[in-house]
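# A closer look at the structure
In case you want the letters, here they are:
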Amino acid sequence: MATARTFCLKCSLHLFKKGPNVGSIGTNVFMRQSNTLSPRLVDVHRHSKLLDENQTQDKADEILEVPRDFRFVHPEFMPPSLWYRRDKLTEYLERRDMYRRRSVMEIPEFYVGSIMAVTLADEYSPKKNSRFVGICIERRESGLRANFRLRNVVNGQGVEILYEMYNPLLQKIEVLKLEKRLDDQLLYLRDAPYEYSTFSFDLAPVPLPKASSVPVNTLKVKLNPRPWLQRWERAGLQGVEEFEVSEKQRIKAEKATTPWEKYDLMKKYRSGINEYDRGDIIQEFYKQTELNKPKTLKKKPLKQV
Amino acid sequence: MANKCSMLLVRASNCVHNYIHRETLTNPSFISCYQQKRGRRRTCKPPSWFVRRSPTTWDKDLTPENKEFLHGLVEDECKVPVCSPLRDEPWPRGEWTRSTRRTGVLAIKLSTIPQWTKDGRKVYTTLLQVLDNHVIRYTPPEDFRKTAGWKPYWGQKFGSVVVGALSCDPRKFSKEYNHLFMESGVPPKRKLTRFIVTPDAAIEPGTPLTAMHFRVGDYVDCQAKTIGHGFQGVVKRWGMKGMPASHGVTKSHRKMGGTGGGGDKGGIWKGKKMPGHMGMDWSILKGLKIVRVNTKFNILYVVSTSVPGPTNCYVRVYDTVLPNRIRATKEPPPMPTCYPEDISDELPEELFHEDLFRFTEPSISYAEEES
């Protein structure tokens, strides 16, 4: 019986993938649209044999061995996970635009915590472009609307700029220091002393030794005394020194935690892209960017994560 | 005699006087009188002239081999449009004038993605796929006037075109529904819709409609059913404020306030905003610009973030009715639609508006001023 169960695992996952009734919220959304097709039915009609041949979508011909999982390096290639908003054809067309842009301008590998310099075309500045150096504190969205946020202190004033990664006004993205931090978001730097987010504009790039993995900076930041912009005691931060919490705040923070969520397999499945789709996207990415890289952009191989 | 009959009918059906007197008894449209209805039609029942869609019988006793054979038969026979040798010559193609109304297409709304213009401005575009569309029927104005769905304010100017999307297995539908597709010779469609056209844009049944029906730079109207929310209260439906959470308020935090005054004009007026069914209603967004067309997958990139309806809903897309936009069109659009033989050169896979940034181009930069 055990063998049969493992054999059927793939089928059962496909069942989940097919059926629209995945979650309670999603079901309601689906049931109340009588003028609407399910995403699965649209895909069936796209590959229908009653259709002309020119409308059918290309299929991946061969399966390549991809050296590593690119979803952590380029998270913007993973589509949003709401099943009732997803459409595979749109995602494919969107990704194709992204590859085109990447073949013209290099978008390097970077993480939250890396120190970066971005040059943007600016009609109103005297040199017609502006360069900004800062630490990446946030990375959001996927597809063509992917963006990241840089923070620095200019003239004693904290400054943050949000850049869209596929904006054609971007001239150049440089990674001056490639590293990670202990947290996924560094928004708490807004409530930290300015020394933690001050970087010189003529910082020289710090090269990484060859064949080394991306280092993790284990710096612990000391937050300012309250009031804060957010209730950081609830965020479960790693890269922050211990701070004082009153009894009331501690109890409330404890109540707000959801420790059972890590056992919620269905939620985990729903909140991400399933591994079959993910595998297709990673293969396509590898094929488009790593193998077909123009020689001008070809540099040393990417570091192992 | 006619006058007396009409008076009787007026009393019986409670309809508008003028229409009865103007018409003759021989015209069937006179029997189905037109009475303007305010508000929305809240019924799930299809109109009375629609045929039954679902089949009355099903092949429950077929063996698997027979089922497979039938499936193969459907794929082989339904794909090619049936061309009779007795068919007439292709219909003459009319010329476009400002008063022409061409047919539209039945698209599927995909999702919204950003694009950039050449001056660095971001525009959000909605993707509409014209998937497997065919013309099912054309009715000239004389006949259309006698049909049940005709409205008197259309006059005698318009005929109608029925467009279908998404071919299906004929075993899925009833015999009557399948008979609707005899004239056009295409497999039965999952969804049908009707467009009002002028007689110079008459189009032959069986003609495929693609995204090339529109050109890059054209303006279109999108009509679809909005996202349904079910029965909703006054705060969500009309954005009323409700009442405070505390300070002695009980049981009326999300209720409306007063519904009307007293005295002479007292009572609740008609059209008062109240709780009720929200969404799932027809809505039109007019004057949307097409900035990019994918000819392989038949996708229109339309500048808008708010095309009505959820993802994967049906959208009726047709030439805009805004008079200024019609006046501004310099070159006439393909009449009645773009046929494959009209395209002389090989079609590029993607067509862009001249102002739209292409991702294969280098980054936008501004030239330095010489001082």
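All values derive from a computational prediction rather than experimental measurement. (Residues numbered from 1 in each chain as written. Chains lettered and ligands numbered in written order. Predicted model: local features only at pLDDT ≥ 70, side-chain atom pairs only at ≥ 80, totals over all residues. Heavy atoms only, no water.)

### Quick notes on the overall build of chain A
- Tallying secondary structure elements over chain A gives 7 helices and 5 strands in all.
- Reading chain A from its N terminus to its C terminus gives the helix and strand order α-α-α-α-β-β-β-β-β-α-α-α.
- Looking at chain A alone, contacts between residues at least 24 apart form 70% of all its contacts between residues at least 6 apart.
- Per element, the accessible surface of chain A, about 18300 Å² overall, is 54% carbon and sulfur. (Helix = DSSP H or I, 4+ residues; strand = E, 2+ residues; numbered from the N terminus. Contact = heavy atoms within 4.5 Å. Areas by Shrake-Rupley, 256 points an atom, 1.4 Å probe, with all protein chains shown as cover.)

### A closer look at the overall build of chain B
- Along the backbone of chain B there are 7 helices and 13 strands.
- Within chain B, buried positions represent 40% of all 371 residues.
- Taking the intrachain contacts of chain B between residues at least 6 apart in sequence as the baseline, contacts between residues at least 24 apart amount to 74%.
- For chain B, the exposed surface amounts to about 22100 Å²; the carbon and sulfur share of it is 54%. (Buried < 20%, exposed > 50% of the residue type's maximum accessible area, 1.4 Å probe, protein only.)

### With respect to the interface of chain B and chain A
- Counting from both sides, the interface comprises 58 residues of chain B and, opposite them, 50 residues of chain A.
- Carbon and sulfur atoms make up 56% of the surface buried where chain B meets chain A, a total of about 4700 Å² over both sides.
- Contact with chain A buries area across many residues of chain B, yet Asn312(B), Phe359(B) and Tyr366(B) alone supply 15% of it, more than any other trio.
- Counting the contacts that link chain B with chain A gives 6 salt bridges.
- The closest approach of N and O atoms between Glu350(B) and Arg100(A), which form a salt bridge, is 3.0 Å.
- In this structure, the connection of chain B to chain A is made through 15 residue pairs in polar contact (both at pLDDT 80 or more).
- Mapped by element, the contributors of at least two residues to the side of chain B that touches chain A are helix H3 (64–79), strand S1 (105–116), strand S2 (122–129), strand S4 (159–167), strand S5 (189–197), strand S10 (282–294) and strand S11 (299–303) of chain B. (Buried area = accessible area lost by both parts, 1.4 Å probe. Salt bridge = Lys/Arg side-chain N within 4 Å of Asp/Glu carboxyl O. Polar contact = N/O pair within 3.5 Å; in protein donor to acceptor, adjacent residues only side chain to side chain.)

### Examining the sheet that holds strand S3 (residues 147–154) of chain A
Residues and elements named next belong to chain A.
- Taken together, the 5 strands give an open sheet; going across it, the order is S4-S3-S2-S1-S5, and neighbouring strands pair in antiparallel fashion. Two strands close off the open sheet at either side, each with one partner strand: strand S4 (157–164) and strand S5 (170–177). Strand-to-strand, the axes of this sheet are offset by a mean angle of 35 degrees, without reference to chain direction.
- Where strand S1 (residues 115–121) meets S5, 6 bridges bridge the pair, whose relative direction is antiparallel. Looking across to S5, one finds that Val118 is bridged to Ile173. (Pairing = 2+ DSSP bridges. Axes fitted to C-alpha atoms, helices over the stretch in contact; angles between N-to-C directions.)

### Some details on the side chain of Arg237(B)
Residue and element names in this part refer to chain B.
- Here Arg237 lies in helix H6 (residues 234–238).
- No salt bridge is formed by the buried Arg237, whose closest oppositely charged neighbour, Asp281, lies at an N-O distance of 8.0 Å.
- A distance of 2.7 Å separates the side chain of Arg237 from the backbone oxygen of Met274, its partner in a polar contact.
- In terms of polar contacts, Arg237 uses its side chain to reach the backbone carbonyl oxygen of His277, at 3.2 Å. (Lys, Arg positive; Asp, Glu negative; His and termini not counted.)

### Describing empty space enclosed by the protein
Residues and elements named next belong to chain A.
- Counted under the stated rule, the structure contains 1 cavity of 30 Å³ or more.
- In this structure, the largest cavity encloses a volume near 30 Å³.
- Lining the largest cavity are Phe70, Arg71, His74, Phe77, Met78, Ile281, Ile282 and Phe285.
- Across the lining of the largest cavity, the residue classes break down as 6 nonpolar, 1 polar and 1 charged. (1 Å grid on protein atoms, 1.4 Å probe; cavity = no way out; pocket = protein on both sides within 12 Å on 5 of 7 lines; lining within 4 Å. Points joined across faces, edges and corners; volume = space filled by probe spheres on them. Nonpolar A, V, L, I, M, F, W, Y, C, P; charged D, E, K, R; others polar.)

### Considering the pairing of strand S7 (residues 219–225) of chain B
Residue and element names in this part refer to chain B.
- Counting buried residues in S7 gives 5 out of 7 residues, a clear majority hidden from the surface.
- Across 4 bridges, the pairing between S7 and strand S12 (residues 314–319) is antiparallel. The residue of S12 that forms the bridge with Asp221 is Tyr318.

### A short note on a positive patch on the surface
Residue and element names in this part refer to chain A.
- A cluster of like positive charges, contributed by Arg231, Arg234, Lys248, Lys252 and Lys255, occupies part of the molecular surface.
- With respect to the element layout, Arg231 can be found in the loop between S5 and helix H5 (247–256).
- When its relative accessible area of 54% is taken as the criterion, Arg231 is described as exposed. (Patch = residues over 30% accessible without salt bridge, like charges linked within 9 Å, V, L, I, M, F, W, Y side chains within 5 Å. Charge placed at Lys NZ, Arg CZ, Asp CG, Glu CD.)

### Regarding the confidence of the model for chain B
- The share of residues in chain B with pLDDT of 70 or more is 86%, and the mean pLDDT across the chain is 87.
- Below pLDDT 50 for its whole length, residues 17–26 of chain B participates in 16 contacts with residues either more than four positions away or in separate chains. (pLDDT = per-residue confidence, 0-100.)

### Looking at the pattern of salt bridges
- Enumeration according to the criterion identifies 32 salt bridges over all chains in this entry.
- In the salt-bridge network here, residues are joined through shared partners; they are Arg96(A), Asp97(A), Arg100(A), Arg292(B), Glu349(B) and Glu350(B).

### What about the sheet that holds S4(B)?
Residue and element names in this part refer to chain B.
- Strand order in the open sheet made by the 4 strands is S5-S4-S3-S6, with antiparallel pairing throughout. Every other strand in the sheet has two partners, leaving S5 and strand S6 (208–209) as the edge strands with one partner each.
- Inspection of the sheet shows strand S3 (residues 133–139) paired to S6 by 2 bridges, in the antiparallel sense. Each residue of the ladder has a partner; that of His134, found in S6, is Pro208.

### Section: the nonpolar core
- Of all hydrophobic cores here, the largest spans 72 residues; its most connected members are Phe148(A), Tyr166(A) and Leu189(A).
- Other than its neighbours up to four places away in sequence, Leu189(A) contacts Ile135(A), Ile137(A), Arg151(A), Tyr196(A), Ser197(A) and Val221(A).
- In terms of nonpolar packing, the next biggest core, distinct from the first, is built from 29 residues, Val161(B), Val197(B), Ala211(B) and Val315(B) among them. (Core = buried A, V, L, I, M, F, W, Y, C linked by side-chain atoms within 4.5 Å.)

### Digging into the state of the cysteines
- Tallied over the entire structure, the rule returns 0 disulfides over all chains.
- In this structure Cys222(B) is not part of a disulfide, and its nearest cysteine sulfur, from Cys313(B), lies 9.7 Å away. (Disulfide = S-S within 2.5 Å.)

### Things to note about the side chain of Arg46(A)
- Among the secondary structure elements, Arg46(A) is positioned in helix H3 (residues 39–46).
- With a relative accessible area of 3%, Arg46(A) lands in the buried category.

### Some words on the packing of aromatic side chains
- Tallied over the full model, the rule gives 20 aromatic pairs over all chains.
- Judged by centre distance (5.0 Å) and plane angle (55 degrees), the rings of Phe70(A) and Phe285(A) are tilted. A residue pair is termed long-range when its members are at least 10 positions apart, and Phe70(A) in the loop between H3 and helix H4 (88–104) and Phe285(A) in helix H7 (residues 275–291) qualify at 215 residues. Both residues of the pair, Phe70(A) and Phe285(A), belong to the buried class.
- When the centroid spacing of 5.8 Å and the interplanar angle of 85 degrees are considered together, the rings of Phe357(B) and Phe359(B) count as edge-to-face.
- The exposure class assigned to Phe357(B) is buried, which follows from its relative accessible area of 1%.
- Here the aromatic cluster, defined as three or more aromatic residues joined through ring pairs, consists of Phe70(A), Phe77(A), Tyr99(A), Phe285(A) and Tyr286(A).
- When the ring centre of Phe110(A) is taken as reference, the NZ or CZ atom of Arg139(A) above it lies at 4.0 Å.
- Its end group placed over the ring of Tyr111(A), Lys180(A) keeps NZ or CZ at 4.8 Å from the ring centre. (Phe/Tyr/Trp six-rings, centres within 6.5 Å; stacked < 30°, edge-to-face > 60°. Lys NZ or Arg CZ within 6 Å of the ring centre and 35° of its normal.)

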